[in-house]
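What follows is each chain in one-letter form.
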Amino acid sequence: MNEELQKPVNTKAIKDLLSLNDSARIKSWLSICSRCGLCAESCFFYLAKNKDPKLSPAYKVKATLLELYKRKGQVDRAFLQKCHDIAWGECTTCKRCSLFCPFGIDIATMISTVRSICHSQGVVPEGLVRTSTNYRESGNQMGMATEDFEETCSWMAEEANDDIRGVEIPVDRAGARIMYTVNAREPMYYPQDISMMAQIFTVVGESWTLPSTGWDCTNLPMFAGDKALAGQVVKRMYDKAVELGVEAIAITECGHAYRSALFEGPYLAGYRDGKPPVPVIHSVRLFYEYLRDGRIKIDPQKMVEEPLTYQDPCNVSRNGGLWREGREILKYLAKDFRDMTPNSEYNHCCGGGGGFIPMGPEFKRRRMESGRVKAEQIRATGAKIVVAPCHNCTDQINDLNKEYQLGIKVVSFKELITERMIVPDEFKPVASEEE
Amino acid sequence: MTEMYEFLTGPGVWISFFIFIGGLIVRTVYLFGVSQERDRVFYNHADWKWGGRSIFHWLLPLGSVSLREQPVFGAAFFVFHVCLFAVPLFLLAHNTLLHEAFGVALPSLPDSVSDILTVVFLVAGLILLARRLVRPEVRILTTAWDYFLLVFTCLPFVTGFLAFHQIGPYQSVLVAHIACAEALLMLIPFTKLAHAVLFFFSRAFIGFEMGTRRGARTW
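Residues numbered from 1 in each chain as written. Chains lettered and ligands numbered in written order. Predicted model: local features only at pLDDT ≥ 70, side-chain atom pairs only at ≥ 80, totals over all residues. Heavy atoms only, no water.

A. Fine view of the state of the cysteines. Residues and elements named next belong to chain A. With the rule as written, the count across this model stands at zero disulfides over all chains. Take Cys393: it sits in no disulfide, and the sulfur closest to it among the cysteines is that of Cys390, at 3.7 Å. Owing to a relative accessible area of 4%, Cys393 belongs among the buried residues under this scheme. (Disulfide = S-S within 2.5 Å. Buried < 20%, exposed > 50% of the residue type's maximum accessible area, 1.4 Å probe, protein only.)

B. Representation of the domain arrangement of chain A in the model. Residue and element names in this part refer to chain A. Structurally, chain A comprises domain 1 (2-124), domain 2 (138-288) and domain 3 (297-420). Counting the surface lost from both domain 1 and domain 2, the interface buries some 650 Å², and carbon and sulfur atoms represent 38% of this. The interface formed by domain 1 and domain 2 holds zero salt bridges in total. Remark: the boundary between domain 1 and domain 2 carries four residue pairs in polar contact (both at pLDDT 80 or more). Take the side of domain 1 that touches domain 2: its biggest share by element is four residues, from helix α8 (residues 107-120). In terms of residue class, the side of domain 1 that touches domain 2 is built from three nonpolar, four polar and two charged. (Domains from an automatic or database assignment. Buried area = accessible area lost by both parts, 1.4 Å probe. Salt bridge = Lys/Arg side-chain N within 4 Å of Asp/Glu carboxyl O. Polar contact = N/O pair within 3.5 Å; in protein donor to acceptor, adjacent residues only side chain to side chain. Helix = DSSP H or I, 4+ residues; strand = E, 2+ residues; numbered from the N terminus. Nonpolar A, V, L, I, M, F, W, Y, C, P; charged D, E, K, R; others polar.)

C. Looking closely at the interface of chain A and chain B. With 49 residues of chain A in contact, the opposing surface of chain B contributes 49 residues. With both chains or domains summed, chain A and chain B bury close to 4,300 Å², and 55% of this area falls on carbon and sulfur atoms. Applying the counting rule to chain A against chain B returns six salt bridges. In this structure, B:Arg217 engages A:Glu345 in a salt bridge whose closest nitrogen and oxygen atoms are separated by 2.9 Å. Across the chain A-chain B interface, the total number found is 28 residue pairs in polar contact (both at pLDDT 80 or more). Those elements giving two or more residues to the side of chain A that touches chain B turn out to be α2 (11-20), α3 (24-32), α5 (57-70), α7 (96-100), α15 (255-268) and α17 (323-333) of chain A. In terms of residues, the side of chain A that touches chain B owes the most to one element, α3(A), which gives seven residues. (Contact = heavy atoms within 4.5 Å.)

D. Geometry of the pairing of strand β3 (residues 248-251) of chain A. All names here are of chain A. Covered by surrounding structure in β3 are Ala248 and Ala250 together with Ile249 and Ile251, the residues of both alternating faces. Of the pairings in the sheet, the one linking β3 to strand β4 (residues 280-282) comprises three bridges and is parallel in character. Within the sheet, the bridge partner assigned to Ile249 lies in β4 and is Val280. The β-α-β motif built from β3, the intervening α15 and the parallel element β4 has right-handed crossover chirality. (Pairing = 2+ DSSP bridges. Right-handed = clockwise from strand over helix to strand, strands pointing away.)

E. Fine view of the packing of aromatic side chains. The full count for this structure, using the stated rule, is 26 aromatic pairs over all chains. Ring plane angle 35° and centroid distance 6.2 Å describe the contact between B:Trp50 and B:Trp219, whose orientation is recorded as tilted. With B:Trp50 in helix α4 (residues 48-59) and B:Trp219 in the segment after α12 (195-214), this pair connects stretches of sequence that are 169 residues apart. Considered together, B:Trp50 and B:Trp219 belong to a single accessibility category, that of buried residues. An aromatic cluster is built from A:Trp29, B:Phe42, B:Tyr43, B:Trp48, B:Phe205 and B:Phe208, whose rings are joined through pairwise contacts. A cation over an aromatic ring shows up here: B:Arg131 above the ring of B:Phe73, its NZ or CZ 3.7 Å from the ring centre. (Phe/Tyr/Trp six-rings, centres within 6.5 Å; stacked < 30°, edge-to-face > 60°. Lys NZ or Arg CZ within 6 Å of the ring centre and 35° of its normal.)

F. Structural view of the nonpolar core. Residues and elements named next belong to chain A. If you look at the biggest cluster of nonpolar residues, it comprises 102 residues, and the most contacted ones within it are Ile14, Leu30, Leu65, Leu68, Met110 and Ile117. For this core, the element with the highest residue contribution is α5, accounting for eight residues. One finds Ile169, Tyr180, Ala198 and Ile298 within the second-largest nonpolar core, a separate group that totals 72 residues. (Core = buried A, V, L, I, M, F, W, Y, C linked by side-chain atoms within 4.5 Å.)

G. Region of interest: a nonpolar patch on the surface. All names here are of chain B. On the surface, Trp14, Leu98, Phe102 and Val104 cluster together into a nonpolar patch covering about 460 Å² of accessible area. With respect to the helices and strands, the residue Phe102 is situated in helix α7 (residues 92-102). Residue Phe102 is classed as exposed on the basis of its relative accessible area, which comes to 51%. (Patch = residues over 30% accessible without salt bridge, like charges linked within 9 Å, V, L, I, M, F, W, Y side chains within 5 Å. Areas by Shrake-Rupley, 256 points an atom, 1.4 Å probe, with all protein chains shown as cover.)

H. Expanded view of the sheet that holds β4(A). Residue and element names in this part refer to chain A. With parallel pairing, four strands are arranged side by side in an open sheet as β2-β1-β3-β4. At either end of the open sheet lies a strand with only one pairing partner, and these are β2 (208-209) and β4. Each of β3 and β4 touches α15; the most contacted strand, β4, lies at about 160° to it. (Axes fitted to C-alpha atoms, helices over the stretch in contact; angles between N-to-C directions.)

I. Local environment of the environment of A:Val61. All names here are of chain A. When you line up the elements, Val61 lands in helix α5. Considering only alpha carbons, one finds Val61 and Leu210, 149 residues apart in sequence, at a separation of 41 Å. Those residues in contact with Val61, other than ones at most four positions away along the chain, are Leu30, Leu66, Ile107, Met110 and Ile111.

J. Highlighting the side chain of A:Asp106. Its place among the elements puts A:Asp106 in the loop between α7 and α8. Residues within four places of A:Asp106 in sequence aside, it is in contact with A:Trp29, A:Lys95, A:Ser98, B:Phe205 and B:Ile206.

K. Layout of the sheet that holds strand β7 (residues 409-411) of chain A. Residues and elements named next belong to chain A. Pairing is parallel across the open sheet formed by three strands, whose spatial order is β5-β6-β7. Because the sheet does not close on itself, it has two edges, and the strands there are β5 (308-310) and β7. Mean inter-strand twist for the sheet, computed between neighbouring axes without regard to direction, equals 25°. Here β5 runs beside strand β6 (residues 385-387); their pairing, made up of three bridges, is parallel. Bridging from a neighbouring strand, Leu308 pairs with Ile385 of β6.

Next comes the structure, spelled out in structure tokens:
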């Protein structure tokens, strides 16, 4: 990495990438932007830093991609460093600004292009480089070995049987309806997430399996600007789903994994029609269907009494289209739901998206500063519980909780549901009688 | 001056319209060609319901959350564009010339209305200019060329207003009016003003991308 930074800039590589990305969209966007500045107010980085005009989305593109095209890729390391600071440190590619631009210019796509160009010169945040190495070597961002993963699954199946009788965590079961994929943080640090999901699947009688490869649905190379590796990562998941003959790939409560699997993945993996080979469903949608169809019943006595709010993860709500489902689920679970303002597709990013959380400590200060907008949104609701169906949102809001002393607890839908669902008699554990 | 007038109202009109329309066609066709390979994402998710809604809402006055959050700019922005189209197209003097030349013309607004709309347009233009200068997030983006284009877009209206009210040397003002207007038409295809056409494509795209694929509004 450091060696690579000493090398002279490979102008040809930059030129090639500029030309490869020089689509009719980018040509149009760069040439018709009328510099109206309407995008500024839509950006939480801008709002959080006292409306610093350099943080308006249009300025970020003007200072990076437009400049790269103007100079035909003839730039030095200092310029690339500036692009790095903007493309990773000042944008989470949340796409909110596209909703506020009169021309609907997709700034996030252009910032992603800048990231690819930086990546081609080895200018990438260290935290993301580390995960790329892991993906390359092990197929998942944490570098977890397959045996360890499978062992965690069987251990979690055992644990889950303390709560729900008959829980199994099948791996590579061909012909299952759903191939459930997780964020590598779950087997690594939060294995109970897998246990909780297995309990839910067992109670609803779902036909499901975990895959032994392609089980990590996260795709950080997508945020590291490494499109080739991002394509391989998502392809591995698609291939496994096709091999197992499942009807759908289900994604855990993770935002960017859904963005990768359903929206960007097909293009990264080279599917010209832009469709994944197997339908992709997010667990927010799954939970909503289970509750709607009465396959999970919530004990009304256990509904959350405390004020509760919902964090719309950008890649689940605005970029995933699931903001209604999230709120429908909460009708079953919470008595005092208080929405943030703005919300749903107009939500603000928490500040942890776009790769920010894995970018690590050197970016933490900025993350806390830009997260002020989200912290104030949460505080204004008076909620004591924040539901966040996304790992990055969860981490970020937990950090914001400390930084801004919000006095809140961040939970996932899995937690809320498993603690409150009515367990039919046939699934009640028998072990307690023996003790 | 008379020769100049003869030229501008004769071949000048043909040349400027040829470049204006031809330029926009060439640019659009070129982008269409580029898009065949590099913009599959545009075609893959095309759905005119979402594309149409994405365009329509931004043609309405204050039809988007974004403009409603800045109502003064939103109103000025809308009025500016409406007058920019309405005044030259429905001006009695323009339609008289059209009728003389081709025997057909568009309906005309009464001169008093066009006169008021011209002033309204210029006031809206001044608001846009003031906003560019006053708001830091707009000023930082604005280049000299942006100021030039904004002022240049207003020039045919200023000179037209002066000619109509016979302020200043009529013949010269009139020649300046026609020259500015024709120059402006010729600039459109080669500048950001091409948004007159490209607006529809970029808005349709974001409608497909956010609406067709995700069900999210982009207005």
